[in-house]
Each structure stands twice: as C-alpha cells, then as structure tokens.
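Architecture and fold: a report
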Amino acid sequence: MKFMALAIIGASVGADPLLFSTVSLQIMVLLLFLTGFAERVVVLVVGGGGREHALCNALQRSPSCDAIFCAPGNAGISNSGDATCISDLDISDNSAVISFCRKWGVGLVVVGPEAPLVAGLANELVKAGIPTFGPSSEAAALEGSKNFMKQLCDKYGIPTAKYQTFTDPSAAKAYIKQEGSPIVIKADGLAAGKGVIVAMTLEEAYEAVDSMLVKGTFGSAGCRVIIEEFLEGEEASFFALVDGENAIPLESAQDHKRVGEDDTGPNTGGMGAYSPAPVLTKELESLVMESIIFPTVKGMSKEGCKFVGVLYAGLMIEKKSGLPKLIEYNVRFGDPECQVSEAQAVIKENTIVQQTQQSASVQTPSTQNKFQGPESIEEDLFGENVGRLFTVGRLPTMYWIGCIYTSMCFVIETVLMVRLESDLAQVLLAASRGELNNVSLKWSPGSAMVVVMASKGYPGSYKKGTVIRNVEEAELVAPQVKIFHAGTALDSDGNYIATGGRVLGITTKGKDLAEARDRAYQAIEVINWPEGFFRRDIGWRALRK
C-alpha cells in the first residue's frame, strides 16, 4: 500500500522526472500519513501473563504495528505468534529495558504488571524519550498505597467507604470494636491481590489485624492497614484510558471472583468475565466518570503526578442508594476483563466490571530457551505462606478480596481486548502523548466471555507441572474462540504444562452472551486437563436478566 501511494504521486505528475522531483515532500508525507504509514510503530509489551497475551493479540491486529515484542512473555504468546517473546530481558532492570528499546527501535512500551510501574520503569522510559503507556511511580501510588488513594478521595470529594488508617494493632482493634462487623481490613501496599479481608466477625477482624501488623504476613505491604466499612451491593469494575488530563471510558465488563459456582467460596483473581455488563448502564457509567474518574484525573494533576495509563476502578454499587463508591484503584489492565474486551471495540462510554487480579509473572528461560512459566506471588501467598493462616476451613466466613493484577486480572482485560476493533497501538500512543481528546474507540457488536481454567486446589495450594492437551484443537471447535495463556510453560516434549493457579482463559465472542457462553464451554470440553477445573456458570447474572 505504501508503494501504491508513491505510484499515485508518480502518475499525477506524468513521466517528467523534473516535475516529479518538484513534488512537495510535505504532500508525500501527508499522503503516507493518510494511508497509515506515518505512524507505524514497534511495540514492547512488558509482562508475561494472560493480560499481556491479550494485549499482544490486540496489538497484533493493529494495522500500524510493525512488530510486537513481549518480555518475558510466555509459552502461549510465543507459540501463537502474537508476539516475539524476549525471555531473557530483565524487566526489573530499567536500563536493560531502555537499551533493548533503542536497539530495536521500539516506539511504544506498554507496561502490564504493577511492580515495574511502582519501581519507576515508566519514569525512566519517558525520561529516555520512549513513548510509554503506563503511569509514573508517583502516579502508581494510586494502587501501591491504599492510604494514598483514600487521602485523594477525601481531598477531592470522591465517594468511597468510610475508613481509618492504623499502624498500631491495639488502636486498630479498638476501632474495629467501635464500628462492629462485618468490616474490611486492607494491607496498605501491594500484596498480589490478596491483601484485603472481609471479616464477618470481630474475631476474624482481630486475627486479620494481627496477621498484618504483628505477624507480618504481607511484609512491608502490611505494616499499615486501612480499616473500612463493609459496603453491601454489587461489585463492578470500570476502566478508563487516561492521558494525564483527559479520560475516556472503555466498554463495560463484569467478572466472577469467587472460586465456586453460584459465587461461593473464597475470592480469586477472577474465574471468568463477560462484556458488556448490564449492571453498568450508560447513566451509571456517566455518573462514574463525573463523580470518580474525572475528579481523580484532575486531582492527580493538581498533586503534581499526572496519571497516564489505564485506571481500573473497583466499584461497589451500593444496595441502599444505588450509587457507585470507589473500593480501590488498579493502575493497569486487569486480566480476565482485558481478554474479553479485546474482541469487541468502539470506545464510547463503557466500563469494565470488577474482578481481582492475578499476580505478576516472572519467567526464567532454560538453556534450551524453553519457557519455564510464570511463578506468581499469588501462588506464594496462598500456596506456602498465607494459605496456612487463612483458609476457608479455619475461617469459613472470611474471604480474600483482591485487587486486579496483571492485567486486572487477566479476565476483564481479555474480554475487552477481544471486542476492541480500533487500532490499539494508535490509541495507546495518543494516550502517551496527551491526545486522547481526539480519540474515539470502536467496539465489535455482540458479547464476549472468558472462562478461566485453573489448577485444582486454587486459590489454595495446587500441583504444578501437570500436562494440558488439545489447547490448539479447542480453538477450532467454534468460530471466534481464542485461548489466552496466563500460567503455562512447555515441557521437554513440547507439551503445555500448568505453572500457575489460573492457567488458561478460554475467550469467545457471539452475537449475544448466550452464544458466547456456549462457544466457551464447547471449547473447554475439548481440552484434556484432568488436574484443572472451571466454573460452569460464568455470566449467570446477565443471563438471568
């Protein structure tokens, strides 16, 4: 097409070389721009989970993308051809990431996990002149410190739950006794989506305080706790793209955080999601933008730490008032939700409904350059440490509530990326340049759904290294089926093996939610993984209506 544009210019001036040489360079550049070639870009996606797989797949569909790298990536991303995985790039080494970008002409970096953001990767990339989609370390405090977020809400009138912050366990327990139960206890810092506990009794609340402030279950992340009122209602997630001054909403989505059917059992990083979400009406979306998102963006700007990236707001639609309150912010795409969005796309006024997110993945390639798969903090907390302290068996009414991780969980990001039809690379470039006021998104019609397949035992301890077969075959059973990998690696025989808690996101589109659901479960039936499990009722809230 590029050469076609040049041919048109040549034809317009005839065969006269002199006349051709006088054609304005500006006109040539303009024509190339109009054909989409002035903005072509090489993209680096930082991360290695399901969210990053969904992002790579969406970017791969972007007409303006010349190449996509993913560091460290994972086996599924590599095998699918959605990106070139750079397993040996240390994403915790900012200088190494910058050197890679310069060597390969990277024109846009998209940072998935929260840890590199909090560590200042975006700061260093921007300082080096590399366009970056992701907030600075200062702005990432919206997720890195719940106390920071709460103070911002107080200062700028953003509706949130009543709260107090404590470092002294005795004072915290006195406040809990004063307020009564149920009550919510949150670790202030990043705890891989597991630092929030809903205590249904005073005893459970006291034990949660002791675990954080006395026993140090979450290390430095739990040296300060936020104790807030228990809100009754329906949880939802809302995504907005932000360029520092402007914000535009994404499509709506809703996830299922409980591990068991009928929304029972402990919370997880998300067992599935769907988009659009009926609970987030256009009127409610408008209210969220006006009362929560815009005040946050303006407040962050006034505080001297402009936010650039995705704001993922965990909301509670209060039962008694019907109005939204902010539970927490995540500063990146969620996982399951991101996957669902990828398939649709025209950014109008939508949102993304809540979930809790998966933890950051770190992969270490072997000498044969085989992906060893993500080892998640989430696995550590539940499998080895926290699992011994807080289990459903010991505390039957205490559940973990999480934030979204890499990638919001990969469930919401998945459903969103699946629905997106706009050129994602250009949208994210516009955000990095402060130009979102000129952007409108296009979403595919119909619905999208993702169903998560997890290792048996999740969110508690589970076995790693179990073989998963027929993944590629499952993508062929019905139209518009895509499987995203969140926790897989390849064994010596080239088989996929499970390396995490949430392992696969079976993502589908359909003319309506029922069709998308049917296709997802048809695909799951083809996958041969005896050690895995999934929920069979994803989407029940919307389908019931």
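Every chain is numbered on its own, with residues counted from 1 as its sequence reads. Reporting in this predicted model follows two pLDDT cut-offs: at least 70 for local features of residues, and 80 or more for side-chain atom pairs to be given and counted; totals over whole chains, interfaces and linings ignore these cut-offs and use all residues. To get the side-chain values, all heavy atoms of the structure are used, and hydrogens and water are removed first.

The name recorded for the protein chain in an unreviewed UniProt entry is phosphoribosylamine--glycine ligase, from Escallonia rubra. Quoted verbatim from the Sequence similarities (unreviewed entry) field of UniProt, the annotation for the protein chain is "Belongs to the GARS family." UniProt positions are given in the numbering used here, feature names are shortened, and annotations may be inferred rather than shown by experiment. Note on the protein chain: under the UniProt heading Pathway (unreviewed entry), the record states "Purine metabolism; IMP biosynthesis via de novo pathway; N(1)-(5-phospho-D-ribosyl)glycinamide from 5-phospho-alpha-D-ribose 1-diphosphate: step 2/2."

1. Some thoughts on the pairing of strand β10 (residues 233-243)
Summarising burial for β10: eight of the eleven residues are buried, a large majority. Summarising the sheet, β10 and strand β14 (residues 308-318) pair through eleven bridges and their orientation is antiparallel. Directly across from Ala-240, in β14, lies its bridge partner Leu-311. Note on pairing: DSSP must find at least two bridges between two strands before they are called paired. Secondary structure elements are taken from DSSP: a helix is a run of H or I of four residues or more, a strand is a run of E of two residues or more, and numbering for both begins at the N terminus. Judged from the three bridges that link them, β10 and strand β11 (residues 247-249) form a sheet pairing that is antiparallel. Categorising residues by exposure relies on relative accessible area from a 1.4 Å probe, with only protein chains included: less than 20% of the type maximum marks a residue as buried, more than 50% marks it as exposed, and the intermediate range marks it as partly exposed.

2. Some thoughts on the environment of Glu-515
Looking at the secondary structure, you find Glu-515 in helix α19 (residues 513-526). Looking at Glu-515, the relative accessible area reads 22%, which means it is partly exposed. Note: C-alpha distance between Glu-515 and Gly-446 (69 residues apart in sequence) is 9.4 Å.

3. Quick notes on the packing of aromatic side chains
Whether two aromatic rings pair depends on their centres lying within 6.5 Å, for rings of Phe, Tyr and Trp, where Trp uses its six-membered ring; planes under 30 degrees apart make the pair stacked, over 60 edge-to-face, and the rest tilted. All told, the structure shown has six aromatic pairs when counted by the stated rule. Ring geometry for Phe-100 and Trp-104: centres 6.3 Å apart, planes at 40°, overall tilted. A residue pair is termed a helical-turn pair when its members lie 3 or 4 positions apart in one helix, as Phe-100 and Trp-104 do in helix α6 (residues 94-104) at four residues. For Trp-104, a relative accessible area of 45% gives the class partly exposed. Note on Tyr-521 and Phe-534: the rings are 6.0 Å apart at their centroids and 40° apart in plane angle, and the pair reads as tilted. Of the two residues, Tyr-521 sits in helix α19 while Phe-534 sits in the loop between β24 (532-533) and α20 (540-544), which places them 13 residues apart along the sequence. Summarising the burial analysis for this pair, Tyr-521 and Phe-534 share the class buried. Pairwise contacts between aromatic rings join Phe-69, Phe-100 and Trp-104 into one cluster.

4. A look at the sheet that holds β10
Read from one edge to the other, the open sheet built from four strands follows the order β11-β10-β14-β15, with strand pairing classed as antiparallel. Each of the sheet's edge strands pairs with one partner strand only, and the pair in question is β11 and β15 (324-330). Geometrically, the sheet is characterised by an average inter-axis angle of 35° between neighbouring strands, direction not taken into account. Summarising the sheet, β14 and β15 pair through six bridges and their orientation is antiparallel. Note on β15: the bridge partner recorded for Gly-314 is Glu-328. Against the sheet, helix α13 (residues 282-302) touches β10, β11, β14 and β15, its axis set at about 50° to β15. For helices, the fitted axis covers only the stretch in contact; all axes are lines through C-alpha atoms, and the angles between them, taken along N-to-C directions, range from 0 to 180 degrees. For this analysis, residues touch if any pair of their heavy atoms sits within 4.5 Å.

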